[in-house]
Amino acid sequence: MKEEDDFVDIEELPIFKKGQEIVDLVVYIGELIPEDDESLQFIKGYMISDASLLTIKVIGAHHAPFYDIKMEAACLIRKAARDLEIHYNALKMFEFEDYEYFNIVIELIEEYRLLFIDWIADFDPDDYHVDRWGLFNPPGVSPFDHDPDDDIPFDPEDEFPFDL
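Values in this document were obtained by computation on a predicted structure and should not be read as measured data.

**As for the packing of helix α3 (residues 67–93) against helix α4 (residues 102–121)**
Moving on, step 1. Here α3 crosses α4 at 165 degrees, and the two axes come no closer than 10 Å. What the angle tells us is that α3 and α4 run roughly antiparallel. Read as a crossing pair, α3 and α4 show a hand that is left-handed. Residue-level inspection shows A74, I77, A81, L84, E85, H87, Y88 and L91 of α3 in contact with α4, the latter providing F102, N103, I106, I109, Y112, F116, W119 and I120.
Moving on, step 2. Counted by class, the contact of α3 with α4 contains 13 nonpolar, two polar and one charged residues.

So this is what it looks like as structure tokens:
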């Protein structure tokens, strides 16, 4: 359990703040989309969903105990950020008259990307479970490596002393 001195207010992390700035801007741009344009409303839903992942997954990764889980959250953040950049083209293609505002989102994503690089550098690669899929292992760990956690004896009777 973490000491009180180790408490980190997630909402004060630079990456979280930048993500929230992006969410706020995407929501604002979404409000400019005409209600009667079904295609643009569909894109708006994806834009808001992707932008929201920039903060939601930071929270999830912050509370995740293991490197592999943190990296999985980081992967989803990266995908959401890249998808946000693609939404610019969709807004333009579907003739959203204010699509140029989305360039500001793209600039903010670049700022977010730089914060992201620093953020993931703080993940502890020594605290992990072996990812058997091979995507989120720390450097030098193979999906075929022995997981030391497999040596920990587990007796369900000890963990669950009641009938299941």
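**Considerations on a nonpolar patch on the surface**
Moving on, step 1. On the surface, a nonpolar cluster with roughly 390 Å² of combined accessible area is contributed by Y28, L32, Y101 and I104.
Moving on, step 2. By the secondary structure assignment, L32 is in the loop between α1 (14–31) and α2 (38–63).

**Concerning α3**
Moving on, step 1. Between its first and last C-alpha, α3 extends 39 Å over 27 residues, near the 39 Å set by a 1.5 Å rise per residue.
Moving on, step 2. Remark: E95 follows α3 within two positions and exhibits a positive phi of approximately 60 degrees.

**Examining the packing of aromatic side chains**
Aromatic rings considered in pairs are described by the distance between their centres and by the relative angle of their planes.
Moving on, step 1. Within the structure shown, the criterion is met by four aromatic pairs.
Moving on, step 2. Judged by centre distance (5.9 Å) and plane angle (50 degrees), the ring pair of F116 and W119 falls under tilted. Remark: W119 and F116 occur in helix α4; sequence separation between them is three residues, near one turn of the helix.
Moving on, step 3. You can call F116 buried: its relative accessible area is 13%.

**A word on the layout of surface pockets**
Moving on, step 1. There is about 270 Å³ of room inside the largest pocket.
Moving on, step 2. For the largest pocket, the full set of lining residues is L13, P14, I15, A61, H62, K70, L115, D118, W119, D122, F123 and D124.
Moving on, step 3. Put simply, the parts of the chain that give the lining of the largest pocket at least two residues each are α1, α2 and α4.
Moving on, step 4. Class assignment of the residues belonging to the lining of the largest pocket gives a composition of seven nonpolar, one polar and four charged.

**Some thoughts on the pattern of salt bridges**
Moving on, step 1. Under the criterion given, the structure shown has five salt bridges.
Moving on, step 2. Salt-bridge contacts for D83 lead to K79; the nearest nitrogen and oxygen are separated by 2.5 Å. Taken together, the residues D83 and K79, both in helix α3 and four residues apart, mark about one turn of the helix.
Moving on, step 3. K79 gets classed as partly exposed once you look at its relative accessible area, which sits at 47%.
Moving on, step 4. In this structure, R113 and E110 form a salt bridge, with 2.6 Å as the shortest nitrogen-oxygen distance. With R113 and E110 both in helix α4 and three residues apart, the pair spans about one turn of that helix.
Moving on, step 5. Overall, the relative accessible area of 39% leaves R113 in the partly exposed class.
Moving on, step 6. The class for E110 is partly exposed, based on a relative accessible area of 36%.

Thresholds, definitions, all that
All residue numbers refer to positions counted from 1 along the written sequence of the respective chain. Totals for whole chains, interfaces and linings use all residues, but because this is a predicted model, local features are given only for residues with pLDDT of at least 70 and pairs of side-chain atoms are given and counted only at 80 or more. Hydrogen atoms and water are omitted, and side-chain values are computed over all heavy atoms in the structure. For every element, the axis is a line fit to its C-alpha atoms; helices are fit only across the contacting stretch, and the angle between N-to-C directions ranges from 0 to 180 degrees. Numbering of helices and strands runs from the N terminus, with a helix taken as a DSSP run of H or I at least four residues long and a strand as a DSSP run of E at least two residues long. Any angle between 65 and 115 degrees counts as roughly perpendicular, while under 35 counts as roughly parallel, over 145 as roughly antiparallel, and the rest as oblique. Take the far helix as the reference: if the near one is turned anticlockwise from it by less than a right angle, the crossing is left-handed, and if turned clockwise, right-handed. Note on contacts: a residue pair is in contact if any heavy atoms of the two residues lie within 4.5 Å. In this count, Pro and Cys sit with the nonpolar residues alongside Ala, Val, Leu, Ile, Met, Phe, Trp and Tyr, while Asp, Glu, Lys and Arg are called charged and the others, Gly among them, polar. Surface patches are defined over residues having more than 30% relative accessible area and no salt bridge, joining like charges when they lie within 9 Å and nonpolar side chains (Val, Leu, Ile, Met, Phe, Trp, Tyr) when within 5 Å. Only the protein chains shown count as cover for residues, and the accessible areas themselves come from Shrake-Rupley with a 1.4 Å probe. Salt bridges are defined by distance alone: a side-chain nitrogen of Lys or Arg within 4 Å of a carboxyl oxygen of Asp or Glu. A helix is expected to span 1.5 Å multiplied by its residue count minus one. Only Phe, Tyr and Trp rings are paired, with Trp represented by its six-membered ring, and only when their centres lie within 6.5 Å; those with planes under 30 degrees apart are stacked, over 60 edge-to-face, the remainder tilted. Only protein chains enter the area calculation, which uses a 1.4 Å probe; residues under 20% of their type maximum are buried, those over 50% are exposed, and those in between are partly exposed. Note on definitions: the grid is 1 Å and covers protein atoms alone; a cavity is a set of points where a 1.4 Å probe fits but cannot get out; a pocket is an open set with protein on both sides within 12 Å along at least five of seven lines; lining residues have an atom within 4 Å of a point. Grid points are joined across faces, edges and corners, and a volume is the space filled by probe spheres set on the points.

The values reported here are purely geometric and, on their own, carry no functional implication.
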